[in-house]
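Each chain, letter by letter, is given below.
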Amino acid sequence: MGSERERGFNPEMREEKTVRVSPLTAAELYGHVYKRDDQGEQYLDARFEDAQRGGRFTYFDRGKLASYVHGSKEGLVYIAAFDGDQIIGLQELQKDPNQENVYWM
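Residues numbered from 1 in each chain as written. Predicted model: local features only at pLDDT ≥ 70, side-chain atom pairs only at ≥ 80, totals over all residues. Heavy atoms only, no water.

**Student:** Could you give me a rundown of the overall build of the protein chain, with the residues and numbers involved?
**Tutor:** Secondary structure summary: the protein chain contains 2 helices and 6 strands in total. Starting at the N terminus and ending at the C terminus, the protein chain contains elements arranged as β-α-β-β-α-β-β-β. Along the first, second and third principal axes, the C-alpha atoms of the protein chain reach 45 × 40 × 30 Å. Residues counted as buried form 24% of the 105 residues belonging to the protein chain. (Helix = DSSP H or I, 4+ residues; strand = E, 2+ residues; numbered from the N terminus. Buried < 20%, exposed > 50% of the residue type's maximum accessible area, 1.4 Å probe, protein only.)

Set out below in structure tokens:
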């Protein structure tokens, strides 16, 4: 994977940011992943592309997200960190089917 410097991390450049953390349903996240252009055509935000194709979220599974949105499944929640209106961090939580109020990371 390379060193932190090779991945663009520079420990000498520190910048404080205020981020907002918010839970999102699968349907809400879908609206951030798939945007609409001025003509109303849907397109994929490149940051959510597969990691091998330059996406920023290595373990994010768009197929799983789509199966919950289009398949009317429930129990998938995301915790998103926002810098302004842009998602900069993402954690998936899935409800345990056997226990109430228990989620897996």
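Still more to cover.
**Student:** Account for unusual backbone geometry, naming residues and giving values.
**Tutor:** Positive phi outside glycine occurs at Asn101, with the angle close to 60°. With respect to the helices and strands, Asn101 occurs in the loop between β5 (86-95) and β6 (103-104).

**Student:** With reference to specific residues and values, describe the layout of surface pockets.
**Tutor:** Within this model, the largest pocket holds a volume of roughly 190 Å³. Together, Phe57, Thr58, Tyr59, Phe60, Tyr78, Leu90, Gln91 and Glu92 line the largest pocket. Top element by residues in the lining of the largest pocket is β5. It accounts for 3 residues. A per-class count over the lining of the largest pocket returns 5 nonpolar, 2 polar and 1 charged. (1 Å grid on protein atoms, 1.4 Å probe; cavity = no way out; pocket = protein on both sides within 12 Å on 5 of 7 lines; lining within 4 Å. Points joined across faces, edges and corners; volume = space filled by probe spheres on them. Nonpolar A, V, L, I, M, F, W, Y, C, P; charged D, E, K, R; others polar.)

**Student:** Residues and numbers for the packing of aromatic side chains, please.
**Tutor:** On inspection of all chains with the given rule, the structure shows 4 aromatic pairs. Both rings, one in Phe60 and one in Tyr78, keep their centres 6.2 Å apart while their planes meet at 65°; by these two values the pair is edge-to-face. Here Phe60, found in the loop between β3 (42-44) and α2 (62-70), pairs with Tyr78, found in strand β4 (residues 76-83); they are 18 residues apart in sequence, far enough to count as distant. We classify Phe60 as buried; its relative accessible area is 14%. Residue Tyr78 is classed as buried on the basis of its relative accessible area, which comes to 1%. For the cation-ring pair, Arg20 lies above Phe82, with the distance from its terminal atom to the ring centre recorded as 4.1 Å. (Phe/Tyr/Trp six-rings, centres within 6.5 Å; stacked < 30°, edge-to-face > 60°. Lys NZ or Arg CZ within 6 Å of the ring centre and 35° of its normal.)

**Student:** So what about helix α1 (residues 26-33)? Which residues, and what values?
**Tutor:** Every buried residue belonging to α1 is among Ala26, Leu29, Tyr30 and Val33, and all of these are buried. When α1 is viewed along its axis, its buried side chains cluster within an angular range of 110° and face the same direction. Residues of α1 that are buried in the fold lie against β1 (20-25), β2 (34-36), β3, α2, β4 and β5. (Arc of directions from axis to C-beta. Contact = heavy atoms within 4.5 Å.)

**Student:** Tell me what's going on with the sheet that holds β1, and back it up with residues and numbers.
**Tutor:** Strand order in the open sheet formed by 4 strands is β1-β4-β5-β6, and the pairing between neighbours is antiparallel. Among the strands making up the open sheet, the edge pair consists of β1 and β6. As paired strands, β4 and β5 are joined by 8 bridges and run antiparallel to one another. Bridge pairing in β5 places Tyr78 opposite Glu92. Relative to the sheet, α1 contacts β1, β4 and β5, its axis offset from that of β1 by approximately 110°. (Pairing = 2+ DSSP bridges. Axes fitted to C-alpha atoms, helices over the stretch in contact; angles between N-to-C directions.)

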